[in-house]
Amino acid sequence: MNCSVVVPSRHTLNPYYLGLKIFEHIEKRWDNPTQEERERFGMKPGKGREKIFEVREEDADISFLRNYLDKQLVKDLDLYVFEKKGPEWKITDKTWANIRDQLVTSRVNGGFPSIVVQDGDFNRVGEMYLKHRYEGVELDLKYLERTLPHIVSLWGKSIHLETVIEDKKIVFSCDGKKTSRKFI
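Treat the numbers as computed from the prediction; the structure is a model and nothing was measured.

What counts, and where the lines are drawn
- Residues numbered from 1 in each chain as written.
- Predicted model: local features only at pLDDT ≥ 70, side-chain atom pairs only at ≥ 80, totals over all residues.
- Heavy atoms only, no water.
- Helix = DSSP H or I, 4+ residues; strand = E, 2+ residues; numbered from the N terminus.
- Rg over C-alpha atoms; globule rule 2.2 N^0.38 Å.
- Buried < 20%, exposed > 50% of the residue type's maximum accessible area, 1.4 Å probe, protein only.
- Contact = heavy atoms within 4.5 Å.
- Lys, Arg positive; Asp, Glu negative; His and termini not counted.
- Charge placed at Lys NZ, Arg CZ, Asp CG, Glu CD.
- Phe/Tyr/Trp six-rings, centres within 6.5 Å; stacked < 30°, edge-to-face > 60°.
- Lys NZ or Arg CZ within 6 Å of the ring centre and 35° of its normal.
- Patch = residues over 30% accessible without salt bridge, like charges linked within 9 Å, V, L, I, M, F, W, Y side chains within 5 Å.
- Areas by Shrake-Rupley, 256 points an atom, 1.4 Å probe, with all protein chains shown as cover.
- Salt bridge = Lys/Arg side-chain N within 4 Å of Asp/Glu carboxyl O.
- pLDDT = per-residue confidence, 0-100.
- Axes fitted to C-alpha atoms, helices over the stretch in contact; angles between N-to-C directions.
- Parallel < 35°, antiparallel > 145°, perpendicular 65-115°, else oblique.
- Left-handed = near helix turned anticlockwise from the far one by under 90°.

1. What to know about the overall build of the chain
Part 1 of the argument: Within the chain one finds eight helices and seven strands.
Part 2 of the argument: The C-alpha atoms of the chain give a radius of gyration of 22 Å, which is well past the 16 Å a tight globule of 184 residues would have.
Part 3 of the argument: Each of the three principal axes of the chain carries a C-alpha extent, and together these read 70 × 35 × 35 Å.
Part 4 of the argument: Across the 184 residues of the chain, 32% fall into the buried class.
Part 5 of the argument: If you take every contact in the chain between residues at least 6 apart in sequence, the share linking residues at least 24 apart comes to 43%.
Part 6 of the argument: With 32 positive and 30 negative side-chain charges, the chain shows a separation of 3 Å between the mean positions of the two kinds.

The structure is reproduced here in structure tokens:
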């Protein structure tokens, strides 16, 4: 069963596999620190297991990735950023810091966007105005347009959602039947 959980995937990043590899990397580094790590950070050989327990106790997912996913590990695991460009998926970035930062960003708020109610009586007719707290990651537009009518059915009035698309502010408005968009 363990093998099924920590096996690398050819199609997606398995977070359990990544976590295991980071812990193995920590243990290896703290068991066998370089001369520079010994002098600069005071690392003593043979402290790998101790460091793993310290990291497990003190770090959350975000700090774990930020502090221990380093250049060497990104290279060893052959990690990269890819995007769909037209009909094909293309590698768009292999810079280790950008890969680490994207993984960290994906863990902010559990990977879910933060959306708040800005006004529950928008236009003074009981419509709701929502605002996406944009943190560099755009909302999935197909999902957004399928979700807004459901929010309208729960709220009972039109819904307006402000977000950022291609670095421009935009408001999506939905009356339950039709969704429109307007750059602001």
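2. Describing the packing of aromatic side chains
Part 1 of the argument: Applying the stated criterion to the full structure yields six aromatic pairs.
Part 2 of the argument: Between tryptophan 30 and tyrosine 68, the aromatic rings sit 6.2 Å apart at their centres with planes inclined by 65°, giving edge-to-face as the arrangement. Of this pair, tryptophan 30 sits in helix α2 (residues 15–31) while tyrosine 68 sits in helix α5 (residues 61–68); the two residues are 38 residues apart in sequence, bridging distant segments of the chain. Across this residue pair, the class does not change: tryptophan 30 and tyrosine 68 are buried.
Part 3 of the argument: Summarising the aromatic geometry, the rings of tyrosine 80 and phenylalanine 82 are spaced 6.2 Å apart at their centres and angled 65° between planes, so their arrangement reads as edge-to-face.
Part 4 of the argument: For tyrosine 80, a relative accessible area of 34% corresponds to the partly exposed category.
Part 5 of the argument: Feature note: the residues Phe23, Trp30, Phe64 and Tyr68 constitute an aromatic cluster, connected by ring pairs.
Part 6 of the argument: A cation sits over an aromatic face here: lysine 168 above phenylalanine 183, 5.7 Å from the ring centre.

3. Quick look at a nonpolar patch on the surface
Part 1 of the argument: Taken together, the side chains of Tyr80, Phe82, Trp89 and Ile91 present a nonpolar region at the surface, about 450 Å² in accessible area.
Part 2 of the argument: Within the element layout of this structure, tryptophan 89 appears in strand β2 (residues 88–93).

4. Quick notes on the confidence of the model for the chain
Part 1 of the argument: Of all residues in the chain, 98% attain a pLDDT of 70 or more, and the chain-wide mean is 92.
Part 2 of the argument: Taking the mean pLDDT of every element in the chain, the minimum, 72, falls on helix α1 (residues 2–6) and the maximum, 98, on strand β4 (residues 127–132).

5. Observations regarding the packing of α2 against α5
Part 1 of the argument: Across the interface, α2 lies against α5 with an axial gap of 11 Å and an inter-helix angle of 50°. By the angle between their axes, α2 is oblique relative to α5. The crossing of α2 and α5 is left-handed. Between α2 and α5, the residues in contact are Leu18, Gly19, Ile22, Phe23, His25, Ile26 and Trp30 and Phe64, Leu65 and Tyr68, respectively.

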